[in-house]
Amino acid sequence: MIHRLHFQIDERSGVPVYRQMMDQVKYYVAGGTLRQGDQLPSIRELASALTVNPTTVVKAYTELERDGVIEMRHGKGAFVSGRAKAITREEQEVALRRSAKQLVVEATQLQVTPPRVITVVREELNAVNPAPSADETPVKFTVVPGR
Amino acid sequence: MAAVIETRSLTKSFGRDVVAVSALDLSIAPGAVYGLIGRNGAGKTTTLRLLMGLLRADSGSARVLGCDFWEASPAIRQRVAYVSQGHLAPDWMALEDLDRYGGHFFDRWDSAHARFLARRWELPWKRPIGKLSGGNQRLAALAMALSARPEVLILDEPAAGLDPIARRALLVCLTEVLSDGDGATILLSTHLLSDLERLASHVGIMDRGRLVAEGAVEDWQRTMRRVQVVFDGTKPPEGISIPGAIRTQVLGPVMTALARVDDDAQLDGLRQIPNARVFVFPLSLEELFVEFFDRPAPAAGWNPGTDSGRSGTGVEVAPHKSVGRGVATAADPCGGDSDVEPVRAGRETSGVSGPPGEG
């Protein structure tokens, strides 16, 4: 069975490409698509599939490693890390507040009611904690480009 | 790091009235993918041709790998590949002929790679170039340029005339060039800004022969925003401005700015104004470009980026002592020991270019 990751880069989003790649890997890890020990596509493979500059992939992987999401094994590639980086409660608080503030600003601009915002957040929280699958063997992923 | 491509006060006019390139300062670091954008006639093609030594500058300097290509030796020239907008080679030549030809002039010529690219792009190996479609002629030119395994790749509108599939093939190929071995430095002119957004590390905007803006793509994506503030009433209150604004437009009660937003908190002051509504939109390179040309041209030297991609001091090259074109002393890195009357390797494979002053 071939495992494929779907990556999508939006040039018009105003979000740097490496950030978009980081966010997607984090999303896959949070959602359980990527599990500990899984191998990510190589830098060359990902750069070609998405037609992005290889240095952008390097940057995304480096930042992900710094965040403790993945680890680079010399000569072997990038793997999903076993342990998330130990961050302080304070760092957690700052990061969470920043995201929450952004959500609130957007919800307000879109005129979404507060109860609806709470409901959506709860649904998303449930979505990232899926039941573990039977297949727990680490897998190697290739990439499917998406526009 | 020393710049791989550098121009200083580069100036070129055609006739009395047409200043194609005007006091251009460009500095491109090793490994960069530099996208030169600008409207037609902005001077992009002329700049590339000056760098390749196909045109002689009126004043200022243009150097690639530290050398002035107007008089560089074949040894230096073969480290640089150039694909012009024009024709590749004499129409009667086939890729097979060009491959053999390339082997004679480029030390690092990779015939296997030429064949590989021809197969991958489904280019007929034995059919004369003149009988290929326009798109395939461009791909053939690119295949030849890439087979020279150049350190520097200079591409003039490489994707022009390519269908979406061929364009993607080209982009994939460029990412491979960047992934392979030592990597390469790429300078390309283009109108396809979304491609640049993925691939380029730096972008320079040319207007009327000048570099009017330059920056790291990532930096622009992170910070350049359109900020719109809608005030109550018929016009904004006196003395209000948008922090970080590069240019501002007021239409009734709506103030819109192209702004550099390093930190969203810089807009908090605006948000605290009673009844003012603040909207922040990201800008793609294309929107930024349009924004840039949509209004009267800004003063030269406008630069939204702090990280401009300039490589600092640039490269110092010993005074030229060459006697003639392509002949140089041993101490001169730009010369060579070739006694062949300068076969312009870079030029020959790149073919004839479009008319000067175009692009």
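Refer to the preceding data block for the structure.
Since the structure is predicted, the reported quantities are computational estimates derived from the model, not experimental observations.

(A) Representation of the interface of chain A and chain B in the model. With 24 residues of chain A at the interface, the matching set in chain B holds 26 residues. Counting the surface lost from both chain A and chain B, the interface buries some 2,100 Å², and carbon and sulfur atoms represent 46% of this. For the interface between chain A and chain B, the tally reads 2 salt bridges. Across the pair K59(A) and E218(B) runs a salt bridge, and its minimum N-O distance is 2.6 Å. At the boundary of chain A and chain B, one finds 10 residue pairs in polar contact (both at pLDDT 80 or more). For the side of chain A that touches chain B, the secondary-structure elements that each account for two or more residues are α1 (17-31), α2 (43-50), α3 (54-66), α4 (89-109) and β4 (141-146) of chain A. Examining the composition of the side of chain A that touches chain B, we find that 5 residues originate from one element, α2(A), more than from any other.

(B) Fine view of the nonpolar core. Residue and element names in this part refer to chain B. Counting 59 residues, the largest nonpolar core has L95, W121 and I205 as the members making the most contacts within it. In terms of residue count, the dominant contributor to this core is helix α5 (residues 134-147) (8 residues). Of the domains in this structure, domain 1 (5-219 + 299-350) and domain 2 (224-283) are the two that each give at least three residues to this core. Filtering out sequence-adjacent residues up to four positions away, I205 remains in contact with I37, R210, L211, V212, A213, W220, F289, F292 and F293. Grouped together as the second largest cluster of nonpolar side chains are 32 residues, I5, M52, L55 and L211 included.

(C) Representation of the packing of α2(A) against α3(A) within the structure. All names here are of chain A. Interhelical geometry of α2 versus α3 gives an angle of 125° and a closest axis separation of 9 Å. Here α3 runs oblique to α2, going by the angle between their axes. Considering only the axes of α2 and α3, their crossing is right-handed. Contact with α2, carried on its side by I43, L46 and A47, involves P54, V57, V58 and Y61 of α3 and no other residues of that element. Of the residues contributing to the contact of α2 with α3, the split by class is 7 nonpolar, no polar and no charged.

(D) Quick peek at α5(B). Residue and element names in this part refer to chain B. Look at α5: 20 Å from first C-alpha to last across 14 residues, which is about the 20 Å you get at 1.5 Å a residue. Across the 14 residues that make up α5, a large majority, 12, are buried. Against the buried residues of α5 lie β5 (80-83), α3 (95-105), α4 (111-120), β6 (152-156) and α6 (164-179).

(E) Expanded view of the pattern of salt bridges. Residue and element names in this part refer to chain B. On inspection of all chains with the given rule, the structure shows 22 salt bridges over all chains. In this structure, the salt-bridge partner of R120 is E176, at a minimum N-O distance of 2.7 Å. Taken together, the residues span a long stretch of sequence, with R120 in helix α4 and E176 in helix α6 at a distance of 56 residues. Under the relative-accessibility criterion, R120 is labelled partly exposed at 32%.

(F) Spotlight on the packing of α2(A) against α6(B). Taken N-terminus to C-terminus, the directions of α2(A) and α6(B) make an angle of 155°; their axes are 8 Å apart at the nearest point. The orientation of α2(A) with respect to α6(B), classified from their angle, is roughly antiparallel. Where α2(A) crosses over α6(B), the handedness of that crossing is right-handed. Contacts between α2(A) and α6(B) involve R44(A), A47(A), S48(A) and A49(A) on the former and, on the latter, R168(B), V172(B), T175(B), E176(B) and S179(B).

(G) The sheet that holds strand β4 (residues 59-64) of chain B, seen in detail. All names here are of chain B. If you walk across this open sheet you meet the 3 strands as β2-β1-β4, and the pairing is antiparallel. Only two strands of the sheet have a single neighbouring strand rather than two, namely β2 (18-28) and β4. When strand polarity is set aside, the average angle formed by the axes of neighbouring strands in this sheet is 25°. Sheet topology note: the strand β1 (residues 5-14)/β2 ladder contains 7 bridges and is antiparallel. Counted as the bridge partner of I5 is I28 from β2. Docked against the sheet, helix α1 (residues 44-51) engages β1, β2 and β4, running at close to 115° with respect to β1.

Definitions and cut-offs
Residues numbered from 1 in each chain as written. Chains lettered and ligands numbered in written order. Predicted model: local features only at pLDDT ≥ 70, side-chain atom pairs only at ≥ 80, totals over all residues. Heavy atoms only, no water. Contact = heavy atoms within 4.5 Å. Buried area = accessible area lost by both parts, 1.4 Å probe. Salt bridge = Lys/Arg side-chain N within 4 Å of Asp/Glu carboxyl O. Polar contact = N/O pair within 3.5 Å; in protein donor to acceptor, adjacent residues only side chain to side chain. Helix = DSSP H or I, 4+ residues; strand = E, 2+ residues; numbered from the N terminus. Core = buried A, V, L, I, M, F, W, Y, C linked by side-chain atoms within 4.5 Å. Buried < 20%, exposed > 50% of the residue type's maximum accessible area, 1.4 Å probe, protein only. Domains from an automatic or database assignment. Axes fitted to C-alpha atoms, helices over the stretch in contact; angles between N-to-C directions. Parallel < 35°, antiparallel > 145°, perpendicular 65-115°, else oblique. Left-handed = near helix turned anticlockwise from the far one by under 90°. Nonpolar A, V, L, I, M, F, W, Y, C, P; charged D, E, K, R; others polar. Expected span 1.5 Å × (residues − 1). Pairing = 2+ DSSP bridges.

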